[in-house]
4 protein chains.
Amino acid sequence: MASGESGPHAPPSPTVHTLERQFEDFRHQLDDSGSLRERIRSVALEIESVTRIMQSSLLLIHQSRPIPEVLEKAKGQIIVLKELYSKLAEIIREFPGQYYRFHGDWRSETQTVVSLLAFIHWLETESLLLHSEAEEKLGLNPSEFGLDIEEYLIGICFMSNDLPRYVVNQVTAGDYDCPRKVLKFLTDLHAAFRMLNLRNDFLRKKFDGMKYDLRKVEEVYYDVKIRGLATNENARGEQGDEQ
Amino acid sequence: MASGESGPHAPPSPTVHTLERQFEDFRHQLDDSGSLRERIRSVALEIESVTRIMQSSLLLIHQSRPIPEVLEKAKGQIIVLKELYSKLAEIIREFPGQYYRFHGDWRSETQTVVSLLAFIHWLETESLLLHSEAEEKLGLNPSEFGLDIEEYLIGICFMSNDLPRYVVNQVTAGDYDCPRKVLKFLTDLHAAFRMLNLRNDFLRKKFDGMKYDLRKVEEVYYDVKIRGLATNENARGEQGDEQ
Amino acid sequence: MASGESGPHAPPSPTVHTLERQFEDFRHQLDDSGSLRERIRSVALEIESVTRIMQSSLLLIHQSRPIPEVLEKAKGQIIVLKELYSKLAEIIREFPGQYYRFHGDWRSETQTVVSLLAFIHWLETESLLLHSEAEEKLGLNPSEFGLDIEEYLIGICFMSNDLPRYVVNQVTAGDYDCPRKVLKFLTDLHAAFRMLNLRNDFLRKKFDGMKYDLRKVEEVYYDVKIRGLATNENARGEQGDEQ
Amino acid sequence: MASGESGPHAPPSPTVHTLERQFEDFRHQLDDSGSLRERIRSVALEIESVTRIMQSSLLLIHQSRPIPEVLEKAKGQIIVLKELYSKLAEIIREFPGQYYRFHGDWRSETQTVVSLLAFIHWLETESLLLHSEAEEKLGLNPSEFGLDIEEYLIGICFMSNDLPRYVVNQVTAGDYDCPRKVLKFLTDLHAAFRMLNLRNDFLRKKFDGMKYDLRKVEEVYYDVKIRGLATNENARGEQGDEQ
């Protein structure tokens, strides 16, 4: 071997060639997953922008605008969400078995989507939007691109956080039966959550927050009851139902 | 409607039954994934305990014990690792397409495993343990339970962090050719990593640290060169290359 | 080459002279911008001290002192602010195109100024102090030394943070129409902010806080409504509107 | 006024219309400056990618490759940098007087550019790249888009950080005169920086680090001197120059 080759910077040995080939492969793979991530992020940003529009519409509910009118605008966006989730599913379909590899990239947007759909559903039916109903509304096919249970549950907690404000503003506007209805819903929901053995994580923390929503709504219900506003309103509320 | 039913604590309505059924399902699913997680964690803990045994054995390398003797003990554990990864693969096989859902639970242990295997491999061959070689040593089948590229690369960075100390102790023990060999290896490795477009994350941070390893080894090589100690060793190194 | 010149501490070569001349220039420039900065900071400190006087005066509003009396004292300082901003503009005029180079040095003081002017304006008119009105009050000439939009918006958020406390104290003092008026103002303001695509920065964080102000005011409005206190006040409020 | 208008959610008053118009204006302005920022960031990313290429080329200097060969590759990128800075200047030309508003968006990239140009310049001339020379190489017109003095100075500090490693590797490769030359340069540079009254900021911190570079190079110079390598090497070095 010539003396020039004895230093640490001798020309690459055969091993190095393999090493270079391996890193060349890695570069392609990392670039591919990088550009995949960009495609996913771009759809996730579109989802976020749709949820902002829906939130703006739904804010009017706190100003006592008629529910159907408010909901119509927000519900008009569900079809757009459906298309965006279909895009996401299409992207992930190219990478079988890697849903959970990238799932952090649309997680928080999906939690917001669930909270909005569940709020709309509650305003319409006074019942909880079920997990399967949420998947159906978003056109998700659970066998290939479903709604992760934890994201669903976190979204439901987010919806719960909005209910005290809704109750306060409804009472202000003269709807004294609202606290009773929301309290019934939240009580059932809280009891259902308590059945779950939650790990010590983000979901558990969000669920722990739900008891403050419950307490706040209880206090409003107490306020209307103690003032004798609830009873009359019950009658009124029922008449309202019959209309 | 009976008065008892108008309060928020009325007996559950049909809707609630569905809600309860859904949460009953969730409870089973969360319990299942919780116990799955425990099974995974228990294997991961065993892997961690094996890597601690290997680390203890390899520490003797810094005390200039003969390499073959030191390696024999450490290499004896590879078969145990192989069994543990086979257990992990078996568990994950029950949950197709969810490798990345749980992969955080064995991530850091696997990075350590890679760093140890790569260090052993370098001591034996003075070349980089390739990704495919690492998978082979651990008996991994890439199509169902492979070695994530990022974990492999982080493990290689960890190995690089051990090299300056090794070089220092080898020179102390009179092996003046070691700096040249390690420097050649690290220079090639560093150049190969630079080909990758790393995102601004943990891997990038680890790679940024590699340049300090490189600099430290350069300084040791400088020390032996300036004292004229390297010359004879170069000859020995060349003989080694010719074998 | 003489031996004396071969050491690292040989007399300076011609190159060094140029190097020294360059650093001599830098020293002058850095000293100049340093003393400029001191001049700016000294004016900014005067502005801060004026805002402290105004804040002290405005605090009396929470003790139900008559609004005109409270405002008179605070408004007396606006002429001082005007002079100080004129000083700032004069200093910056010497450094054309460098407004944004130094603008961090009076930023937070200006945010406070905006929040105070906007609160005074609201107390007088129940409407938002517009950006152009703020510039006019401060005697700013937008073409040479304007009010940065982001500072204006942050100042408005700061003012919003003061409103819940004001509402609480007004109700305590028997002004039951105040919550309705503030709620109307905050609802419109919040909706207007939502039109903006805020980047993920300080302004966005401040705006996110505004929804807590809104919620708090809604709760006070709820309290007066549920106690039947708001009704008469509504009439008073309308009379006020008709003036 | 009709009773429906007395609530906080009455239809918008004329004031609100102006408020909405103002926020509409703001939205346009914030969107404009947002998209401007994206254009700037995209050029800055291209600059960063060019500096990475240059760094990769210059790394070979530590492996004792012939300087002219190494520099040729790196210098080939300067023309690309020139084009990119011309693009930046063109963008900023649309926003007179706002250089410093956006200047944070290309700051760190420019510091790296200066450090690379100054290192190349030193390898070629053993003298400091002056501020005016850096502007010239980058085709900057100081009257409209110059090189901020602080960025220049920070870039020079970054270059200084690379010198100890260069000296170590040069001595390893047998160039025993390198420490003397680098020490002379760093001593002069350090003395020149000491003339400046630096504020207590990033630049001052970077400059404080320069004394460690100086100390390290002094130690290498001491090593070669005490072993009698410097004197002989000086002679040898000169012969080398004559080749």
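Since the model is a prediction, treat every value here as computed from it, not as a measurement. (Residues numbered from 1 in each chain as written. Chains lettered and ligands numbered in written order. Predicted model: local features only at pLDDT ≥ 70, side-chain atom pairs only at ≥ 80, totals over all residues. Heavy atoms only, no water.)

Caption draft 1: Region of interest: the nonpolar core. With 154 residues, the main nonpolar core has C:Phe193 and D:Phe193 as its most contacted residues. Ranked by size, the runner-up nonpolar core spans 153 residues in total, among them A:Leu81, A:Trp106, A:Leu153 and A:Leu183. (Core = buried A, V, L, I, M, F, W, Y, C linked by side-chain atoms within 4.5 Å. Buried < 20%, exposed > 50% of the residue type's maximum accessible area, 1.4 Å probe, protein only.)

Caption draft 2: Representation of the side chain of B:His131. With respect to the helices, strands and loops of the structure, B:His131 is situated in helix H7 (residues 131-137). For B:His131, a relative accessible area of 13% corresponds to the buried category. Beyond its immediate chain neighbours, meaning those up to four positions away, B:His131 contacts A:Gln22, A:Phe26, B:Leu147, B:Asp148, B:Ile149 and B:Tyr152. (Helix = DSSP H or I, 4+ residues; strand = E, 2+ residues; numbered from the N terminus. Contact = heavy atoms within 4.5 Å.)

Caption draft 3: Inspection of the interface of chain D and chain B at higher detail. Opposite the 18 residues of chain D that make contact, chain B presents 13 residues. Among the residues chain D hides against chain B, the three largest losses belong to D:Arg165, D:Thr172 and D:Arg227. Together they make up 39% of the total. Taken together, the connections running from chain D to chain B amount to two salt bridges. The closest approach of N and O atoms between D:Lys216 and B:Glu219, which form a salt bridge, is 3.9 Å. Where the side of chain D that touches chain B is concerned, the elements lending two or more residues are helix H1 (14-59), helix H8 (149-172) and helix H10 (202-226) of chain D. A total of six residues in the side of chain D that touches chain B trace back to one element, the largest contributor, which is H8(D). The residue makeup of the side of chain D that touches chain B, split by class, is six nonpolar, seven polar and five charged. (Buried area = accessible area lost by both parts, 1.4 Å probe. Salt bridge = Lys/Arg side-chain N within 4 Å of Asp/Glu carboxyl O. Nonpolar A, V, L, I, M, F, W, Y, C, P; charged D, E, K, R; others polar.)

Caption draft 4: Layout of the domain arrangement of chain A. All names here are of chain A. Here chain A is partitioned into domain 1 (30-147) and domain 2 (161-230). The gap between the C-alpha centroids of domain 1 and domain 2 is 25 Å. With both sides pooled, the region where domain 1 packs onto domain 2 buries about 1000 Å², and carbon together with sulfur makes up 69% of that total. Run the count over domain 1 and domain 2 and you get one salt bridge. A salt bridge links Lys181 to Glu126; the shortest N-O distance between them is 3.3 Å. Linking domain 1 to domain 2 there are two residue pairs in polar contact (both at pLDDT 80 or more). With four residues, the single largest contributor to the side of domain 1 that touches domain 2 is helix H5 (residues 107-125). (Domains from an automatic or database assignment. Polar contact = N/O pair within 3.5 Å; in protein donor to acceptor, adjacent residues only side chain to side chain.)

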